[in-house]
Amino acid sequence: MSAEPGPWRHVLILGGTTEARRLAEALAEDPSYRVTTSLAGRVAAPVLPPGEVRIGGFGGIANLAGWIIGHDVTHVVDATHPFAERMSFNASEAQALTGVPLLALRRPGWTPAPGDDWAFAADLDEAAALLPGLGSRAFLTTGRTGLHSFAHLADTWFLVRSVDPPQAPVPPRLEVLLARGPFILEGERELLARHRIDVLVTKDSGGFATAPKLTAAREAGIPVLVVRRPPIPEGVPETGSVLAALTWLGET
Ligand code: NAP
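Residues numbered from 1 in each chain as written. Predicted model: local features only at pLDDT ≥ 70, side-chain atom pairs only at ≥ 80, totals over all residues. Heavy atoms only, no water.

> Could you clarify how one ought to interpret helix 3 (residues 85–98) in this entry?
An α-helical turn contains 3.6 residues, so a residue and the one three or four places further along point in the same direction. An ideal rise of 1.5 Å per residue puts 20 Å on 14 residues; helix 3 measures up with 20 Å between its terminal C-alpha atoms. Inspection of helix 3 places S88, N90, A91, S92, A94 and T98 among the buried residues, and these make up the whole buried set. Positive backbone phi, at 80 degrees, marks G99, one or two positions downstream of helix 3. (Helix = DSSP H or I, 4+ residues; strand = E, 2+ residues; numbered from the N terminus. Expected span 1.5 Å × (residues − 1). Buried < 20%, exposed > 50% of the residue type's maximum accessible area, 1.4 Å probe, protein only.)

> Whenever I open this one, the packing of helix 1 (residues 18–28) against helix 7 (residues 242–251) confuses me. Can you help?
As a packed pair, helix 1 and helix 7 sit with axes 10 Å apart at the nearest point and diverge in direction by 50 degrees. The angle between helix 1 and helix 7 falls in the class oblique. Here helix 1 and helix 7 pass one another in a crossing that is right-handed. Of the residues in helix 7, those touching helix 1 at E19, R22, L23, A26 and L27 are V242, A245, L246 and L249. Tallied by class, residues from the contact of helix 1 with helix 7 come to 7 nonpolar, no polar and 2 charged. (Axes fitted to C-alpha atoms, helices over the stretch in contact; angles between N-to-C directions. Parallel < 35°, antiparallel > 145°, perpendicular 65-115°, else oblique. Left-handed = near helix turned anticlockwise from the far one by under 90°. Contact = heavy atoms within 4.5 Å. Nonpolar A, V, L, I, M, F, W, Y, C, P; charged D, E, K, R; others polar.)

> Before we go on, may I ask you to explain helix 6 (residues 212–220) in this structure?
Of all the residues in helix 6, the buried ones are P212, K213, L214, A216 and A217. One or two steps after helix 6, the chain reaches G221, where phi turns positive at roughly 70 degrees.

> Please clarify how the site of the ligand should be interpreted in this entry.
Surrounding the ligand, one finds 21 residues, the nearest of these being G15, S38, F58, G59 and K203. Contact between the ligand and G60: an oxygen atom at 3.3 Å from a main-chain N or O atom of the residue. Between the ligand and E85, the relevant distance is 3.3 Å, taken from an oxygen atom to a main-chain nitrogen or oxygen of the residue. Bound to the protein, the ligand loses 76% of the 810 Å² it would expose on its own. Counting residues per element, the ones that place at least two in the shell around the ligand are strand 2 (33–39) and helix 3. Here the shell around the ligand gets 4 residues from one element, more than from any other, and that element is helix 3. (Near = heavy atom within 4 Å. Polar contact = N/O pair within 3.5 Å; in protein donor to acceptor, adjacent residues only side chain to side chain. Areas by Shrake-Rupley, 256 points an atom, 1.4 Å probe, with all protein chains shown as cover.)

Rendered as structure tokens:
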């Protein structure tokens, strides 16, 4: 008997990252997979992956579980950004409800290199508490959401870089730079010098696209305040590469 034609596995990729797009690209070449990427809809003009795309929240855990069952999803890959904590929690809870296998795909975090001067914060609020002790002209690259954590820092000047404009409340003294990575070292060096930046604030996002700012800070002798990642929900298997995610899909 010949194998059944057409897609017989439906992978739901919770996306919004380069890794999610790469996984969708890799699976698009395999006819045994149907792929749906889900985006939150935060970015006005997202870069769309191949395959099906749905945009917007599911409306909580039960609705996510209903979507998974209703669309005959066979595998879920949570490839959201390492800081998309709520979505990762929802995915884990939905897995418990549906029994559909779930994998967390997370690019590895950054590690300091010789010459780096890094301080760590557990979250944005702690970063805001530590910041005045580290510098007074901050390059803030933690994304447009969460700026409210820094809004009370009236003595700090901020260069805020984000894909879309930040929403209030924001710190009183700031300049906004709208840009989407990848960024190059030369540009990052120039930015730090032009704005006389004396501290960089970043999430531990990992990856190459936004890493040159760390090198530029090291070269300039500028301290970096790194916001640590929230943990992945307990019991969810985790992998750091698209290749390993493909292996998991093949074996599960
Ligand atoms: P979050 O706080 O973890 O999630 C908040 C809510 O947004 C979720 O409960 C869910 O709504 C919806 N949502 C999040 N990701 C979704 C997805 N991929 N598809 C459908 N709905 C999604 O998320 P966030 O930190 O705001 O991030 C939103 C998106 O931006 C994610 O896709 C993430 O990968 C991407 N991103 C985040 C960061 C960051 O630093 N947090 C950076 C770069 C990219 P419902 O409960 O209604 O389903």
